[in-house]
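Take a look at the letters that make up each chain.
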Amino acid sequence: MQILLINPPDELDAILGIGKEFIQKYEPLGLLYIAAVVRESGYNVSVIDAYAENIGIEVLKKRILAIRPNVIGITTLTCQGSVVFSLGQWIKKNLPNTLLVLGNIHASVFANQYLKNHCCDLVIHGEGEYIFLKILKFYEKQCGLNDIAGISFINQNGELVRTIGNNYVEDLSKLPFPVRDILKQKLYNLTEISNQIYVGGNNRIAKSMITSRGCPYRCAFCAVHHNQPPRYNDALKVVDEMEMLEKKYKASYVFIMDSLFMSNSVRLLKICLEIKKRNLKIKWGCLGHVNYLKADLIYAMDSAGCYDLSLGIESGSQKLLDKVKKNIKLSQVRKSIEMLKKISKILVEGLFILGLPGETYQESLQTIRFAKSLPLDMAQFSIFTPYPGSPLFEELVRNGEIDTGIRDNGTVEAAVWKRYSAYICFTKIKPIWVTPALSAEQLRQLQKKALREFYFRPTQIVRHFKRITFRNCLKSLKIIKQGLF
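Now for a quick tour of the structure. (Residues numbered from 1 in each chain as written. Predicted model: local features only at pLDDT ≥ 70, side-chain atom pairs only at ≥ 80, totals over all residues. Heavy atoms only, no water.)

## A few points about the sheet that holds strand E14 (residues 347-354)
Inference 1: Read across the sheet, six strands follow the order E8-E11-E12-E13-E14-E15 without closing on themselves; strand pairing throughout is parallel. In the strand order of this sheet, the two ends are held by strand E8 (205-209) and strand E15 (378-383), each with one partner. Between one strand axis and the next, the sheet turns through 20° on average, direction left out of account.
Inference 2: Sheet topology places E8 next to strand E11 (residues 251-256); five bridges connect them, and they run parallel. Each residue of the ladder has a partner; that of Lys 207, found in E11, is Val 254.
Inference 3: Across the sheet, helix H14 (residues 361-373) is in contact with strand E13 (306-314), E14 and E15; its angle to E14 comes to roughly 175°. (Pairing = 2+ DSSP bridges. Helix = DSSP H or I, 4+ residues; strand = E, 2+ residues; numbered from the N terminus. Axes fitted to C-alpha atoms, helices over the stretch in contact; angles between N-to-C directions. Contact = heavy atoms within 4.5 Å.)

## Some points on the state of the cysteines
Inference 1: Throughout the structure, instances matching the rule amount to zero disulfides.
Inference 2: Residue Cys 306 stays outside any disulfide, its sulfur separated by 5.0 Å from that of Cys 286, the closest cysteine. (Disulfide = S-S within 2.5 Å.)

## Some remarks on the side chain of Thr 404
Inference 1: Relative to the helices and strands, Thr 404 is located in the loop between helix H15 (391-398) and helix H16 (440-455).
Inference 2: Among the polar contacts listed, one links the side chain of Thr 404 to the backbone nitrogen of Ile 406, at a separation of 3.3 Å.
Inference 3: Residues within four places of Thr 404 in sequence aside, it is in contact with Phe 110, Phe 393, Val 397, Val 416, Trp 417 and Tyr 420. (Polar contact = N/O pair within 3.5 Å; in protein donor to acceptor, adjacent residues only side chain to side chain.)

## Focus: unusual backbone geometry
Inference 1: Backbone geometry places Asn 54, a non-glycine residue, at a positive phi of 60°.
Inference 2: Note on placement: Asn 54 falls in the loop between helix H3 (50-53) and helix H4 (57-67).
Inference 3: For Lys 141, which is not glycine, the phi torsion reads 60° and is therefore positive.
Inference 4: Within the secondary structure, Lys 141 is located in the loop between helix H8 (129-139) and strand E6 (151-154).
Inference 5: You can call Lys 141 exposed: its relative accessible area is 75%. (Buried < 20%, exposed > 50% of the residue type's maximum accessible area, 1.4 Å probe, protein only.)

## A closer look at the packing of helix H10 (residues 265-277) against helix H11 (residues 295-303)
Inference 1: The geometry of H10 relative to H11 is characterised by a closest axis approach of 9 Å and an angle of 30° between their N-to-C directions. By the angle class used here, H10 and H11 are roughly parallel. Viewed along their axes, H10 and H11 form a crossing whose handedness is left-handed. On H11, the residues touching Ser 265, Leu 268, Leu 269, Cys 272 and Lys 276 of H10 are Asp 296, Leu 297, Ala 300, Met 301 and Ser 303.
Inference 2: In terms of residue class, the contact of H10 with H11 is made up of six nonpolar, two polar and two charged. (Parallel < 35°, antiparallel > 145°, perpendicular 65-115°, else oblique. Left-handed = near helix turned anticlockwise from the far one by under 90°. Nonpolar A, V, L, I, M, F, W, Y, C, P; charged D, E, K, R; others polar.)

## Some details on the packing of aromatic side chains
Inference 1: Counted under the stated rule, the structure contains 14 aromatic pairs.
Inference 2: An angle of 85° between the planes, with centres 5.8 Å apart, marks the rings of Phe 384 and Trp 433 as edge-to-face. Of this pair, Phe 384 sits in the loop between E15 and H15 while Trp 433 sits in the loop between H15 and H16, placing them 49 residues apart in sequence.
Inference 3: The class for Trp 433 is buried, based on a relative accessible area of 10%.
Inference 4: Taken together, the ring pairs connect Phe 85, Phe 110, Tyr 114, Phe 393, Trp 417 and Tyr 420 into an aromatic cluster. (Phe/Tyr/Trp six-rings, centres within 6.5 Å; stacked < 30°, edge-to-face > 60°.)

So this is what it looks like as structure tokens:
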């Protein structure tokens, strides 16, 4: 049996414009975990990362036809949603005997639309490693679809079916490491122009890891967790993987992609102690939360090579933070970041959102002022997007306030999904939804204002000047001109 897993191309030119230069290429770890489980069970599997290879849809089609796989699995994020919609229809038309499986958040939310429009045969809801393995058993006629939890399909009577049960991996330590060698490693690294604090280039190799899944928080704008409970990989196995990345892949930096790497402080302390015990030199960054910034944890992280920490601060308005269930206090944000900067060398990035539900123009300015008042090394200012799968998206759908792309006659205008991923200060695309007190153009100008006021300060100019090199000078100037003015 020949199995093909695909990370499809997206439409970054359309939805991000020149802002796409900030988006770095990391290995598609979700697919590589599935490939590891499948390979461990004796199956032949290959992976095409069309995004990282920067190949278009026509080239991808030719490669699919050359392989003619028995089973195809495609990961589907919202930024890839419309591409997968048409690609899936093409695969089912040209390879009708190939079993086509979609997974990830966007496919899960719009499973019925993908299935009804003949874009796939099955959709996986949740985590795919062991469910995909069961789907292969179904293909070999060793089980029925109704025996597989957490999938959607159309049965022989033409009825949409979603099987009950969850398919979350309870014990992450039982998963094999993702099979990185299945892809060309030269495709993945950070460049000098990056949306992360760590600066790549000069042949320094950056990698990524996932060490936990789920999150103890339930922010209303988050589309990731679907009420998944937090689950953690064993501390020693986490360091085993870090050591492998340093010694086998010569990585000097690893970004830990967990939604909240710090949420289990006991495990994190064990990880830090083990990194020091093994004398690893690799630097690392992660996503954190101000509620977990305690002195002992900061000391441990700093001494174990933590280079940077990204904190979801979101807003300078306590009212808005409470409304989106962020569960932080502005006073705690300031206190925690000031302490971190005082006692460690860890660099800090603040993540902010403009245009939250109910936000006024003055509250947007309040967020910009708050960001500037904090001792941050870097800041990102996103425009609020009710991502499919988030509680706020579901609320807006119920209220009829947002365009999902689904039309009354049952058809789908998949091109609408691009608007969920647009970075509006770099494009002319209008946001998919705007809070009533603001307009799309006001938000565009607020985003530019935030970037100008934060980065056009002497300390920030000095800090980020090293990102500009002879190779990227012209590109950097174009980004500054278009994104900030």
